[in-house]
Amino acid sequence: MSDPAVDAPRPEAVSASVSPAGLALDRLADYLAEHRPELAVGPLRAQLIAGGKSNLTYLLRLGDREVVLRRPPLGHVLATAHDMAREFRVISALAPTEVPVPGALLLCADPEVIGAPFYLMERMPGEVFRTRAQTDPLGDERRRALAMAMMDTLAALHSVEPTTVGLGDFGRPEGYLARQVRRWAGQLDRSRSRPLPGIDELRDLLAATAPEGANAGRIVHGDYRLDNLLASADPVVVHAVLDWEMATLGDPLADLGLLLTYWDVLGDSDTAAGNPVADGLGPRAGFPTGGELIDRYAGRADVDVGPLHWHVALGCFKLAVICEGIHYRHTLGQTLGEGFDRIGEMVAPLVAHGLTAARER
């Protein structure tokens, strides 16, 4: 999850001398003047874009041009997470494919410029559909078309041959699923701040039953969901897939399991109603069921879908750890904007559903 939600000023109200939180505009202006002078035109103004709950995303106005800047969150950044170079590399590689991505403009690995590594990308058209206020007016036909376009785009991603786009060394497909369990178990240990009943049992069940992954070696997004897309609804078009920080080579069923976690688990939970993580998603919001999404995907991707219980359980565990990490940052005062006080409520239902899914055969 990424792009913390904030009540941000309009871009015109922010100048190079007034930097939004997490962005040192004066140093950024100097850096652009030295490294990309064609971008350093006119006054530099910025606005923190409302959105998800991890990486920070800003709209930059460079004279008459608008671009987008991405950087890691403030404080308590988990090891291996929020990798700006990884995001930049994958959107650069996917640019010539059928997968819609923003144009990659500039990567800066030096944390001294704005306080963290960052990259710039083109601003793309479209809207991030995140809330019921956005999706309810679409009606059944356009909601269905939007959901199916989401699955077609995921099938297109999983159909890209990594070596043809220079991503043959982007990850280690062998043992990917078992490593995912270990990775998120490690992230959990770094984010513990309160008792979390059942989460260690879920971790152990996943570790003991991790499948080999018959589809290993595909490009995996790592956090694929409706509100990580920029799309239009009239007509329905997916303009860009966003938030590639967890992309790697692995088993595409992990993307499907996490998507079903957002869609059918959180999307059907009373806890999720009005919650910025899941509000506006899933059958409760008038969209097709998760089963229909998987059928659409299976008809367009050369992937053996098979049973997805284990992958949904992994999705629940992963998302529970992410929510707990955000909750921890919130308790430390390291989050920007509203909605973070409810993120911690999502952990218990995710763990409960994950345990149920992990026990299924």
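See the structure above.
No experiment lies behind these values; they were computed from the predicted model shown.

Student: Help me out: how do you make sense of the overall build of the protein chain in this one?
Tutor: When its secondary structure is counted, the protein chain shows ten helices and nine strands. Residues counted as buried form 55% of the 361 residues belonging to the protein chain. Of the contacts made within the protein chain by residues no fewer than 6 positions apart, 75% connect residues no fewer than 24 positions apart. In the form shown here, the protein chain has an accessible surface area of approximately 14100 Å², with 51% of it arising from carbon and sulfur atoms.

Student: Whenever I open this one, the packing of helix H7 (residues 253-265) against helix H9 (residues 309-331) confuses me. Can you help?
Tutor: Two quantities define a packed helix pair, namely the angle between the helix axes and the distance between the axes. Viewed as axis vectors pointing N to C, H7 and H9 meet at an angle of 70°, and their least axial separation amounts to 7 Å. By the criterion of interaxial angle, the relationship of H7 to H9 is roughly perpendicular. In this structure, H7 crosses over H9, and the sense of that crossing is right-handed. For the pair H7 and H9, contact is made by Leu253, Ala254, Gly257, Leu258, Leu260, Thr261, Tyr262 and Val265 and by His311, Val312, Gly315, Cys316, Lys318 and Leu319, respectively.

Student: Before we go on, may I ask you to explain empty space enclosed by the protein in this structure?
Tutor: One simple way to see leftover space: roll a probe sized like a water molecule over the atoms. A complete count under the given rule lists four cavities of 30 Å³ or more for this structure. Size it by volume and the second largest cavity reaches roughly 80 Å³. Contributing to the lining of the second largest cavity are Tyr176, Gln180, Val220, Gly222, Ala254, Asp255, Leu258, His311, Leu314, Gly315 and Lys318. For the lining of the second largest cavity, the secondary structure elements donating two or more residues are helix H5 (176-191), H7 and H9. Tallying contributions element by element places H9 first for the lining of the second largest cavity, with four residues. Its residues assigned to classes, the lining of the second largest cavity shows five nonpolar, four polar and two charged.

Student: What is the right way to read the sheet that holds strand E1 (residues 44-48) from this model?
Tutor: Working definition: the strands of a sheet are paired by backbone hydrogen bonds and lie parallel or antiparallel to each other. The strand order E1-E2-E3-E5-E4 describes an open sheet built from five strands, whose pairing is antiparallel. Each edge of the sheet is formed by a strand with only one pairing partner; in this case those strands are E1 and strand E4 (104-108). The average angle at which neighbouring strand axes cross in this sheet is 25°, direction not considered. Summarising the sheet, strand E3 (residues 65-71) and strand E5 (residues 118-122) pair through four bridges and their orientation is antiparallel. Along E5, the bridge assignment pairs Arg70 with Tyr119. The strands touched by helix H2 (residues 84-94) within the sheet are E3, E4 and E5, with E4 carrying the most contacts at an inclination of about 155°.

Student: Looking at this model, I keep getting lost on the side chain of Thr261. Mind explaining?
Tutor: Among the structural elements, Thr261 can be located in helix H7. Of note is the side chain of Thr261, whose polar atom sits 2.9 Å from the backbone oxygen of Gly257. With residues near it in sequence (within four places) discarded, Thr261 still touches Leu266, Val312, Gly315, Cys316, Leu319 and Leu350.

Student: Would you mind showing me how to read the layout of surface pockets here?
Tutor: Reported here for the second largest pocket is a volume of approximately 300 Å³. Surrounding the second largest pocket, 13 residues form its lining, Arg86, Arg179, Gln180, Arg183 and Thr248 being those nearest its centre. Top contributing element to the lining of the second largest pocket by residue count: H5, with four residues. Each residue belonging to the lining of the second largest pocket can be placed in one class, and the counts come to three nonpolar, four polar and six charged.

Student: Could you clarify how one ought to interpret the pairing of strand E2 (residues 56-62) in this entry?
Tutor: Within a regular strand, the side chains alternate between the two sheet faces. For E2, the buried fraction is high: six of the seven residues fall into the buried class. With five bridges joining them, E1 and E2 adopt antiparallel strand pairing. Within the sheet, the bridge partner assigned to Arg45 lies in E2 and is Arg61. In the sheet, E2 pairs with E3 via seven bridges, with the strands oriented antiparallel. Note on E3: the bridge partner recorded for Thr57 is Arg70.

Rules behind the numbers
Residues numbered from 1 in each chain as written. Predicted model: local features only at pLDDT ≥ 70, side-chain atom pairs only at ≥ 80, totals over all residues. Heavy atoms only, no water. Helix = DSSP H or I, 4+ residues; strand = E, 2+ residues; numbered from the N terminus. Buried < 20%, exposed > 50% of the residue type's maximum accessible area, 1.4 Å probe, protein only. Contact = heavy atoms within 4.5 Å. Areas by Shrake-Rupley, 256 points an atom, 1.4 Å probe, with all protein chains shown as cover. Axes fitted to C-alpha atoms, helices over the stretch in contact; angles between N-to-C directions. Parallel < 35°, antiparallel > 145°, perpendicular 65-115°, else oblique. Left-handed = near helix turned anticlockwise from the far one by under 90°. 1 Å grid on protein atoms, 1.4 Å probe; cavity = no way out; pocket = protein on both sides within 12 Å on 5 of 7 lines; lining within 4 Å. Points joined across faces, edges and corners; volume = space filled by probe spheres on them. Nonpolar A, V, L, I, M, F, W, Y, C, P; charged D, E, K, R; others polar. Pairing = 2+ DSSP bridges. Polar contact = N/O pair within 3.5 Å; in protein donor to acceptor, adjacent residues only side chain to side chain.

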